[in-house]
Amino acid sequence: VERANEERVLAYNSLLADLESVPARFQPLAPEVLPEDGEDPQQGLQYAKGQFFLEHMEKLFGREVFAAFLADYFATFAWQSVTTEMFLDYLDQNLLTVRPGIYRREQAEQWLYEPGIPDDFEPPVSPVLKQAAAAAVGVAGGDILLEELDPQAWSPQATVNFINGLPRQMTTDTLAAVDAHFGLTESRNAEITRAWFIQVAARRHLPAYAAMEDYLSRHGRTRLIEPVYAALVANGQDRDLALNLFQERQGRYHPLTNGAISSLFEP
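All values derive from a computational prediction rather than experimental measurement.

### Section: the environment of glutamine 169
Then, number 1: Topologically, glutamine 169 is positioned in the loop between helix H7 (156-164) and helix H8 (172-182).
Then, number 2: Residue glutamine 169 is classed as exposed on the basis of its relative accessible area of 72%.
Then, number 3: Separated by 47 residues in the primary sequence, glutamine 169 and glutamate 122 have C-alpha atoms spaced 31 Å apart.

Right under this line is the structure:
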């Protein structure tokens, strides 16, 4: 259960980050996307937002009730295309009105038609990830020694949250010590190296730039590499470097990945 909560917290934090960059009109689960908007104007946020919508409903109605509703829903619409309105009608008729007073159709419509996340949603929590974030602050401030932390006892999710929790102002020496203690640059876990090299690019941690460039050569998934390019472009000094790295490697990337990265260099 705790490991699942760790995954939820990381997914929720990622969703919040996406909501900061995705235009409001693309944030609903059922946005009006026009042909000229391109392939993926939502940047994949609909997956996490949809996950939390369903988990929110499950929490309100209970797993047994909601699982039965989903089973009936899939059986009813098997091998069919379903519109948003059809889903809402089915939800209203077979769950909301059957068990009145728990949730209203208008509340469900907020997820589907409104930007952001409805106010009645309770974000996921993880004590383990809270401890990891607190450790990041402690290490940066000198209140916790790296030797006090055992990376082998941490889950990958905790390590990612530790990386993401590192305060913005840190010396190169401290970042290098963190890297060496946790083995971040050499990690074989793609989620850990993704989080680390985003921070490397955003902070201009130059000692890890050669490893970052190698990382951009070894991976091709949009999710793993586009944020690193974005951080290079956004740090104020490495736009040209990011463009050169991309031009050298774009032949290895999927066309959709190339499209996502190319947009970073548009005026």
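What follows picks up the thread again.
### Re the side chain of aspartate 179
Then, number 1: Its location among the elements puts aspartate 179 in helix H8.
Then, number 2: Of the side chains with opposite charge, arginine 218 comes closest to the buried, unpaired aspartate 179, at an N-O distance of 11 Å.
Then, number 3: Excluding residues within four positions of it along the chain, aspartate 179 makes contact with Leu184, Thr185 and Trp196.

### Description of unusual backbone geometry
Then, number 1: Residue tryptophan 79 is not a glycine yet carries a positive backbone phi of 60 degrees.
Then, number 2: Its place among the elements puts tryptophan 79 in the loop between helix H3 (63-76) and helix H4 (84-96).
Then, number 3: In this structure, arginine 204 is a non-glycine residue whose phi angle is positive, near 55 degrees.
Then, number 4: Of note, arginine 204 is situated in the loop between helix H9 (190-203) and helix H10 (209-218).
Then, number 5: What makes arginine 204 partly exposed here is its relative accessible area of 25%.

### A closer look at the side chain of arginine 194
Then, number 1: By the secondary structure assignment, arginine 194 is in helix H9.
Then, number 2: Buried charge arginine 194 goes without a salt bridge, the closest partner of opposite sign being glutamate 191 at 4.7 Å.

### Some words on the nonpolar core
Then, number 1: Core analysis: the largest hydrophobic core is formed by 43 residues, its most contacted members being Phe162, Val178 and Tyr229.
Then, number 2: Sort the elements by how many residues they give to this core and H9 lands first, with 7 residues.
Then, number 3: In this structure, phenylalanine 162 is in contact with Ala132, Ala135, Ala136, Val139, Leu149, Trp154, Val178 and Phe182, ignoring residues within four places of it in sequence.
Then, number 4: By size, the runner-up hydrophobic cluster in this structure holds 27 residues, among which are Phe69, Tyr73, Phe77 and Ala108.

### A look at the packing of aromatic side chains
Then, number 1: Under the defined criterion, the tally for this structure stands at 22 aromatic pairs.
Then, number 2: Ring centres of phenylalanine 53 and tryptophan 111 lie 5.5 Å apart, and the angle between their planes is 35 degrees; on these two criteria the pair is classed as tilted. Taken together, the residues span a long stretch of sequence, with phenylalanine 53 in helix H2 (residues 45-61) and tryptophan 111 in helix H5 (residues 105-113) at a distance of 58 residues.
Then, number 3: Here phenylalanine 53 falls in the buried class, since its relative accessible area comes to 4%.
Then, number 4: Given the relative accessible area of 0%, tryptophan 111 is considered buried.

### Section: H5
Note that an α-helix has 3.6 residues per turn; residues three or four places apart therefore point the same way.
Then, number 1: Every buried residue belonging to H5 is among Gln107, Ala108, Trp111 and Leu112, and all of these are buried. Viewed along the axis of H5, the buried residues span an arc of 145 degrees, placing them on a single side of the element.
Then, number 2: Here the buried face of H5 lies against H2 and H4.

### Points about helix H1 (residues 2-21)
Then, number 1: In this model H1 runs 29 Å from its N-terminal to its C-terminal C-alpha over 20 residues, within 8% of the 28 Å that 1.5 Å per residue would give.
Then, number 2: Inspection of H1 places Glu6, Val9, Leu10, Tyr12, Leu15, Asp18 and Leu19 among the buried residues, and these make up the whole buried set.
Then, number 3: Packing partners of the buried residues in H1 comprise H2, helix H6 (127-141) and H7.

### A look at the environment of leucine 16
Then, number 1: One can find leucine 16 in helix H1.
Then, number 2: Residue leucine 16 is classed as partly exposed on the basis of its relative accessible area of 34%.
Then, number 3: Separated by 32 residues in the primary sequence, leucine 16 and alanine 48 have C-alpha atoms spaced 9.9 Å apart.

### Re the pattern of salt bridges
Then, number 1: Under the criterion given, the structure shown has 12 salt bridges.
Then, number 2: With a shortest N-O distance of 2.9 Å, arginine 204 and aspartate 238 are connected by a salt bridge. Separated by 34 residues along the polypeptide, arginine 204 in the loop between H9 and H10 and aspartate 238 in the loop between helix H11 (222-234) and helix H12 (239-249) bring together distant segments of the chain.
Then, number 3: Among the salt bridges present, the one from glutamate 248 reaches arginine 249, with a minimum N-O distance of 3.0 Å.
Then, number 4: Through salt bridges with shared partners, a single ionic network connects Asp89, Asp92, Arg105 and Glu109.

### Details of the packing of H7 against H9
Then, number 1: Following both chains from N to C, one finds H7 and H9 inclined at 5 degrees, their axes separated by 9 Å at the closest point. Between H7 and H9, the interaxial angle falls into the category roughly parallel. Across from Pro156, Thr159, Val160, Ile163 and Asn164 in H7, the residues of H9 making contact are Glu191, Ile192, Ala195, Trp196 and Gln199.

Rules used in this analysis
- Residues numbered from 1 in each chain as written.
- Predicted model: local features only at pLDDT ≥ 70, side-chain atom pairs only at ≥ 80, totals over all residues.
- Heavy atoms only, no water.
- Helix = DSSP H or I, 4+ residues; strand = E, 2+ residues; numbered from the N terminus.
- Buried < 20%, exposed > 50% of the residue type's maximum accessible area, 1.4 Å probe, protein only.
- Lys, Arg positive; Asp, Glu negative; His and termini not counted.
- Salt bridge = Lys/Arg side-chain N within 4 Å of Asp/Glu carboxyl O.
- Contact = heavy atoms within 4.5 Å.
- Core = buried A, V, L, I, M, F, W, Y, C linked by side-chain atoms within 4.5 Å.
- Phe/Tyr/Trp six-rings, centres within 6.5 Å; stacked < 30°, edge-to-face > 60°.
- Arc of directions from axis to C-beta.
- Expected span 1.5 Å × (residues − 1).
- Axes fitted to C-alpha atoms, helices over the stretch in contact; angles between N-to-C directions.
- Parallel < 35°, antiparallel > 145°, perpendicular 65-115°, else oblique.

Everything listed here is a matter of geometry and, on its own, says nothing about what the molecule does.
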